[in-house]
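# Descriptive structure summary
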4 protein chains.
Amino acid sequence: MTRLKLGMVGGGQGAFIGGVHRIAARLDGKWDLVAGALSSDPDRAMASAAELGIAADRSYTSFADMAQAEADRPDGVDAVAIVTPNHLHAAPAIAFLDAGIHVICDKPLAATQEQAQELAAAANRSAAHFILTHNYTGYPLIRLARKMVARGDLGAVRVIQAEYAQDWLAEETQSKQADWRTDPARAGAGAIGDIGTHAFNLLSFVSGLRAEALSAELHSFVEGRSVDDNAHILLRLSEGARGMIWASQVAVGNENGLRLRIYGAKGGLEWSQEDPNRMWFTRFGEAPRLLTRGQGEATEGTRIPAGHPEGYLEGFATLYSEAADLISGTSPTPPLPGIEAGLDGMWFITSCLESSGNAGAWVARD
Amino acid sequence: MTRLKLGMVGGGQGAFIGGVHRIAARLDGKWDLVAGALSSDPDRAMASAAELGIAADRSYTSFADMAQAEADRPDGVDAVAIVTPNHLHAAPAIAFLDAGIHVICDKPLAATQEQAQELAAAANRSAAHFILTHNYTGYPLIRLARKMVARGDLGAVRVIQAEYAQDWLAEETQSKQADWRTDPARAGAGAIGDIGTHAFNLLSFVSGLRAEALSAELHSFVEGRSVDDNAHILLRLSEGARGMIWASQVAVGNENGLRLRIYGAKGGLEWSQEDPNRMWFTRFGEAPRLLTRGQGEATEGTRIPAGHPEGYLEGFATLYSEAADLISGTSPTPPLPGIEAGLDGMWFITSCLESSGNAGAWVARD
Amino acid sequence: MTRLKLGMVGGGQGAFIGGVHRIAARLDGKWDLVAGALSSDPDRAMASAAELGIAADRSYTSFADMAQAEADRPDGVDAVAIVTPNHLHAAPAIAFLDAGIHVICDKPLAATQEQAQELAAAANRSAAHFILTHNYTGYPLIRLARKMVARGDLGAVRVIQAEYAQDWLAEETQSKQADWRTDPARAGAGAIGDIGTHAFNLLSFVSGLRAEALSAELHSFVEGRSVDDNAHILLRLSEGARGMIWASQVAVGNENGLRLRIYGAKGGLEWSQEDPNRMWFTRFGEAPRLLTRGQGEATEGTRIPAGHPEGYLEGFATLYSEAADLISGTSPTPPLPGIEAGLDGMWFITSCLESSGNAGAWVARD
Amino acid sequence: MTRLKLGMVGGGQGAFIGGVHRIAARLDGKWDLVAGALSSDPDRAMASAAELGIAADRSYTSFADMAQAEADRPDGVDAVAIVTPNHLHAAPAIAFLDAGIHVICDKPLAATQEQAQELAAAANRSAAHFILTHNYTGYPLIRLARKMVARGDLGAVRVIQAEYAQDWLAEETQSKQADWRTDPARAGAGAIGDIGTHAFNLLSFVSGLRAEALSAELHSFVEGRSVDDNAHILLRLSEGARGMIWASQVAVGNENGLRLRIYGAKGGLEWSQEDPNRMWFTRFGEAPRLLTRGQGEATEGTRIPAGHPEGYLEGFATLYSEAADLISGTSPTPPLPGIEAGLDGMWFITSCLESSGNAGAWVARD
């Protein structure tokens, strides 16, 4: 198999998520990282590129230059990974889409609805693919859960409890990661954008249901913080289902507690991201069963046998692996999140802000 | 120690909670069951009494007769346990309180606000004690949690997640237990009254905070059911804290999933009723600690050493044990739920119904 | 139902296991404690009796006097509970058996083989029942496990891993409980007698297999201790099965970790005493199932529904409840441990000592 | 950083562990796979190489040819990964070591003591490194455990319980993986070699203690199987510690249950491979603490923050990452298992066979 060529925007030295994208791209051996606009700071861009084995002439300081130059090269990148802060997703994504280069973009789609709409328009007019790395959808048991719900193992879905609890922002924090995430201009929102969108996406991905309205109560507990650090959201979903999302970055004792529980008329599923190789399935009236990654049906997206735990990086890598298969034509329709999932997330964020600003009044979807 | 004398209203053959109260009363050896109005059906009342070793002349078919007769006897009961369906709590409780006999009453306080107020008035005018068996407050680790919050181990409380999930009403069910619980006239409400009040009580008991307003979304999933079987409730608590309660009787795979998580500025606590001998405590920035019943400070209300699990019956028995100590004067101020807790619960139920009937509008407390 | 009359030998103020027996006897309302030789110290015997509501004329200072006096009374005790240290089990048990009074005796059977044989002879010549409180056999899921193995749900049993890990003797300890347990004269042995016999009994009770030979490595880690505090034992069981027992009182972090895992050709079961309401069952090639107390078949010996945890006291109480049913003729053949289980335990203890003293050479059973 | 060049012996299409080594080598971006003798079957060798992007002129059908050719090339491989069945480890390892090429070899060292000694001699006479992929040593919490024991957090180690339980060989199985593993000529032994050595290695790696003697009881439960599928082993360790290992491939319900528990005079540690991001640590008399990968000290060998689970592949990759650092001189003394660990494992296997063949007699180490 020929490896595909990957470029990257953002992700220079000191960044977190860029490194994750690079491991994910390497893990299954389908990508080579060959170009980057890793930093707007020229020195840091160059040093970062050198460290990653990117040739000096393919290390750019501007994403616009990079999009044009790579599109012009016969050996230009097949796709670009965009791993900048939220407010800097849309512009580079549009530039690469317009240059006909596939885009793999970190979530959420953008920091504002306006940016999101412009990006959606670019994606629609481009022949290139747009993939949004809602990476938790790559977990094998999440894939199985989606399949089980779709074929009716749970009966009609009634109630979904999703939550994403962390504690790293329980106190005032100063770090590169914390700074932009708590700055309204760069992040767009707080916990709801950073982690709430993951919970919302996962809930939608697994259930196949559409959120029709929401009511939200956002709160900021840490003095001086101008974005939400705790959010309670009620959902009315299609087909009469009800949902609840709790997203918090001040829940002391929680590291990265993304959990999903789905209950239908005939069965229930429970899964936790921190214990991703196991999922509970109960048929009404029967003993709960422990489904494990790698056993029975739970083999989609796995690399190693049951009992050999896979984790966050493997789930992330599955998105890169499937993106490669999609681009190379090996697999035409992987369940990769794209523009629609991104717009859903933007609706979620803006509606939470609207509802919470209006005493929790329900905000309906058009 | 002389044992106290207990009577019982309700709890005849075929009932569930009456048997639980009797075990709870026996367990610590402080009570003798000597009288009862166990059923309004004379034959069943007599057969039930005989089975329980209650003398025939102290088996009544009317709680009113019983209250008067026992008050008149020199060896009359010290206290009466009321274990009837919700709509039949207030009348007997009032009768016994007015007769000067202590009352131990199953929760919730009543089926309607009107009944509740009349009962509260009776309790206020009587010298007798009124104890409401919110039995989950009797668990040793719940007692420890309350103590830890009160003395500031968690810092200022910010977020409380309480939930009570069951699945036994996921389908239409016909049983003595299910029948009255899904009948609005006898139960007053569905899941919010039967189990939601327990979650609300526990949240209040442990946190010491007062609910100032709530927003609720009640739903009934099983066709033909006229009370709620799933409820999502947001809470605004005193001192700026936020809370969320989920109560469901259709969450397939959940047996009796009462869970409480409390997060403050400095620490977090997590506890689950189905695993009641363990509680997680995390100080911000430190490793989570597993506190166990019987170890360290967690000895209030325990009978046996750590590692020898106690459960539901022991927690329930602690209420009976403390009621005996209160009545006999051995312990003047046990933390037993009473009229105030009952009125809180009635506010919770009626406000949930009001909010949910009004598109989730916030209902404030006077 | 008429309650049976219980006497007690040992269990005066400051003792541990006597109080447990009394709660167990009370819990299901089938016994009244009416007589006792609670202590060899007359003052403590009298004070203990008074506290328990035992009439002064039925408080004895000698078990021999008590056996004779109670046998002579028309309202004498139906049974006696013997809750003294190990070396004081045999003599009172023989006295009561010879007096025709049923005996409920704490484990192990005795401190020496000689005592055990004399006790067995007394049990054989008496019409009275002898019940040994290997209380862990009373847990509902242990009852279910035994049933499942017996009917072949696991196929032929191959491997059994039993362990009983505690840490309370990790350092030199001084307490009434620790003192006699670490005194060879009073205890007979250390961890193998105190807890190893429980593990061995449970393994035998559930599997229905007979130990045919064992090899043991006993060790004492705490300086100055003259009995074992850690034991590793290999077992050859009937029908070709293999077993392993680990018993330790120095395993820091373990409170009362009695665990049993049984694997057969077709399935496996796993259970832990500290989480007694749940048991794992896996059929080869299928997802593990979580069986819970109170659900499905797991209702033998339960009092309350699934999700309402029962514990150590309830399991213990089941032995008292069944003993009452056996004596009153209500239930003719409950699976209560008796002399045979006691002799098995004595073989286990003496063979462990013999094997360990002989470099782990296998000791076969006659 | 310049990537190192890797070759591979074994691991052609249909093999399992070869693919794992390749992912491990790719994950951290320090290796490029450029040569291979992937299969002794020429067609399969060529097809496998093509699939992996290995140039045709560097796809060999003989490891001997490969060792010579690669040693002669100016751009020859820096190291070779040997991923053949056990009986084919020694010969290629010796060939590459003699050619001055570093060797990364799957465990166990060899199928026989004779092969092992020859390999050890080759390693001693070569300047090249020999690394044995006891991959479980790469888990971050195992690294932390080793560090904690070494610095005395547990006090003097007393008891170690190690176990490795699987069920995939509970019935007669036919697959490429199962075939050679149950063939004495190719595997050398059964469960003790395949998984028991991992448990033994981990016990030694973490405790820093040396096994001085062992007693073993091996058994084969599946009819017609000529190697052990269940093993119970007692250990006498240096400094008076005692250990127990249970290795089974017929324990129904266990996937890859490698578990380690270490108890010292002052503390205890418990870890399970299937839940590798968490480890229990208890100081005597204190509440158990849950240490998590990525938190506090548990950051050696991690890539992503706490709460983002890493797994088997990441632990394996750490060995490749450290091997690269060792070879490139970046890190001089990583704690990588080598010849000594391999010889320890061979002693373990041969002594288990000897003891079990001699009624469990203790086999001492020279």
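Residues numbered from 1 in each chain as written. Chains lettered and ligands numbered in written order. Predicted model: local features only at pLDDT ≥ 70, side-chain atom pairs only at ≥ 80, totals over all residues.

### A few points about the overall build of chain A
Secondary structure assignment for chain A yields eleven helices and 14 strands. On C-alpha atoms alone, chain A measures out to a radius of gyration of 20 Å, which is about the 21 Å that the 2.2 N^0.38 rule sets for 366 residues. Dimensions along the principal axes, computed over C-alpha positions, put chain A at roughly 65 × 50 × 40 Å. Within the span of chain A, comprising 366 residues, buried residues form 63% of the whole. Excluding contacts between residues fewer than 6 apart, the proportion of contacts in chain A whose partners are at least 24 apart in sequence is 71%. (Helix = DSSP H or I, 4+ residues; strand = E, 2+ residues; numbered from the N terminus. Rg over C-alpha atoms; globule rule 2.2 N^0.38 Å. Buried ≥ 20, exposed ≤ 12 C-beta atoms within 10 Å, placed from the backbone. Contact = placed C-beta atoms within 7 Å.)

### Brief notes about the interface of chain D and chain B
The partner chain B presents seven residues to the seven residues of chain D that form the contact. Here the side of chain D that touches chain B is built from residues that sort into four nonpolar, two polar and one charged. (Nonpolar A, V, L, I, M, F, W, Y, C, P; charged D, E, K, R; others polar.)

### A word on the environment of A:Gln117
Considering the arrangement of structural elements, one finds A:Gln117 in helix α5 (residues 113–125). Put simply, A:Gln117 and A:Ala361 are 244 residues apart on the chain and 25 Å apart in space, counted from C-alpha to C-alpha.

### What about the sheet that holds strand β3 (residues 79–82) of chain D?
Residue and element names in this part refer to chain D. Taken in spatial order, the five strands make up an open sheet running β2-β1-β3-β4-β5, and their pairing is parallel. Looking at strand neighbours, the two that pair on one side only are β2 (31–37) and β5 (130–132), the edges of this open sheet. Between one strand axis and the next, the sheet turns through 25 degrees on average, direction left out of account. Note: strand β4 (residues 102–105) against β5, three bridges, orientation parallel. Counted as the bridge partner of Val103 is Phe130 from β5. (Pairing = 2+ DSSP bridges. Axes fitted to C-alpha atoms, helices over the stretch in contact; angles between N-to-C directions.)

### Side note on the domain arrangement of chain A
All names here are of chain A. Domain annotation of chain A identifies domain 1 (4–132) and domain 2 (139–306 + 338–357). On a C-alpha basis, the centres of domain 1 and domain 2 stand 27 Å from each other. Taken residue by residue, the interface counts 18 residues in domain 1 and 18 residues in domain 2. For the side of domain 1 that touches domain 2, the secondary-structure elements that each account for two or more residues are α5 and β5 (130–132). Looking at the side of domain 1 that touches domain 2 residue by residue, the class counts come to twelve nonpolar, five polar and one charged. (Domains from an automatic or database assignment.)

### So, helix α9 (residues 191–207) of chain A
All names here are of chain A. With 17 residues, α9 should cover 24 Å at 1.5 Å per step; its first-to-last C-alpha distance of 22 Å lies within 8% of that length. Where α9 bends most, at Thr197, the angle is about 35 degrees. Burial within α9 is extensive, with 17 of its 17 residues counted as buried. Once α9 ends, the next one or two residues include Gly208, with phi positive near 70 degrees. (Expected span 1.5 Å × (residues − 1). Bend = angle between axes of the 7 residues up to and from the residue.)

### Concerning the relation of the copies chain D and chain C
Mapping chain D onto chain C is achieved by rotating through 180 degrees and translating by 0.0 Å along the same axis, at an RMSD of 0.0 Å. Expressed as an axis order, the relation between the two copies is that of a two-fold axis. For chain D, the residue whose C-alpha comes nearest the rotation axis is D:Ala361, separated from it by 3.6 Å. Most of the interface of chain D is mirrored in chain C, where 100% of its interface residues are also at the interface. (Least-squares fit on C-alpha atoms with pLDDT ≥ 70 in both.)

### Some details on the relation of the copies chain D and chain B
Once chain D has been moved 0.0 Å along the axis and rotated by 180 degrees, it coincides with chain B to within an RMSD of 0.0 Å. The share of interface residues of chain D whose copies in chain B are also at the interface is 100%, consistent with both copies meeting through the same surface.

### Section: the environment of C:Phe130
Residue and element names in this part refer to chain C. In this structure, Phe130 sits in strand β5 (residues 130–132). Since 24 C-beta atoms lie within 10 Å of it, Phe130 is described here as buried. Each C-alpha atom, one on Phe130 and one on Ala93, is 8.4 Å from the other, the two residues being 37 residues apart in sequence. The contacts of Phe130, once residues within four sequence positions are left out, are Leu97, Val103, Cys105, Ala123, Gly338 and Ile339.

### Considerations on the packing of helix α3 (residues 63–72) of chain D against helix α4 (residues 90–98) of chain D
All names here are of chain D. Two elements in contact, α3 and α4, have axes separated by 9 Å at closest approach and are oriented at 15 degrees. As far as their axial angle goes, α4 and α3 are roughly parallel. As for how α3 packs across α4, the hand of that crossing is right-handed. Contacts from Phe63, Ala64 and Ala67 in α3 reach Pro92, Ala95 and Phe96 in α4. A breakdown of the residues in the contact of α3 with α4 according to their chemical character gives six nonpolar, no polar and no charged. (Parallel < 35°, antiparallel > 145°, perpendicular 65-115°, else oblique. Left-handed = near helix turned anticlockwise from the far one by under 90°.)

### As for the pairing of strand β9 (residues 242–248) of chain C
Residue and element names in this part refer to chain C. Of all seven residues in β9, seven are buried, a share of seventy percent or more. Of the two faces of β9, both are covered, the one formed by Arg242, Met244, Trp246 and Ser248 as well as the one formed by Gly243, Ile245 and Ala247. Here strand β6 (residues 157–165) runs beside β9; their pairing, made up of seven bridges, is parallel. In the sheet register, Ile160 faces β9, and the bridge partner there is Gly243. Joining the antiparallel neighbours strand β8 (residues 230–237) and β9 is a turn of four residues, in which Glu239 adopts a positive phi near 60 degrees.

### With respect to the environment of D:Gly12
All names here are of chain D. For Gly12, the position within the fold is in the loop between β1 (4–9) and α1 (17–27). On the neighbour-count criterion, Gly12 (23 C-beta atoms within 10 Å) is buried. With 40 residues separating them in the primary sequence, Gly12 and Leu52 have C-alpha atoms 9.7 Å apart. In this view, Gly12 contacts Leu38, Ser39, Arg44, Ala45 and Ser48; residues no more than four positions away in its chain are not counted.

### Overview of the packing of helix α4 (residues 90–98) of chain B against helix α5 (residues 113–125) of chain B
Angle between the axes and distance between the axes: these two values describe a pair of packed helices. All names here are of chain B. Orientation of α4 relative to α5, taken along the N-to-C sense of each, is 10 degrees, at an axis distance of 9 Å. Our classification of the angle between α4 and α5 gives roughly parallel. Of α5, the residues touching α4 (which contributes Ala90, Ala93, Ile94, Leu97 and Asp98) are Gln115, Ala116, Glu118, Leu119, Ala122 and Ala123. Counted by class, the contact of α4 with α5 contains eight nonpolar, one polar and two charged residues.

### Quick notes on the interface of chain D and chain C
It is common to report an interface's size as the accessible area lost on association of the parts. Listed by partner, the interface residues are 32 residues for chain D and 32 residues for chain C. For the side of chain D that touches chain C, the elements supplying multiple residues, two or more each, are β6 (157–165), β7 (211–219), β8 (230–237), β9 (242–248), β11 (267–272) and β12 (278–283) of chain D. Element by element, the count of residues in the side of chain D that touches chain C is highest for β9(D), at four residues.

### Quick look at the sheet that holds strand β1 (residues 4–9) of chain C
Residues and elements named next belong to chain C. The five strands are arranged β2-β1-β3-β4-β5 in an open sheet whose pairing can be described as parallel. The open sheet has two edge strands with one neighbour each: β2 (31–37) and β5. In this sheet, neighbouring strand axes are inclined to one another by 25 degrees on average, regardless of whether the strands run parallel or antiparallel. In this structure, β1 lies alongside strand β3 (residues 79–82), joined through four bridges in parallel fashion. Paired with Gly7 across the two strands is Val80, which belongs to β3.

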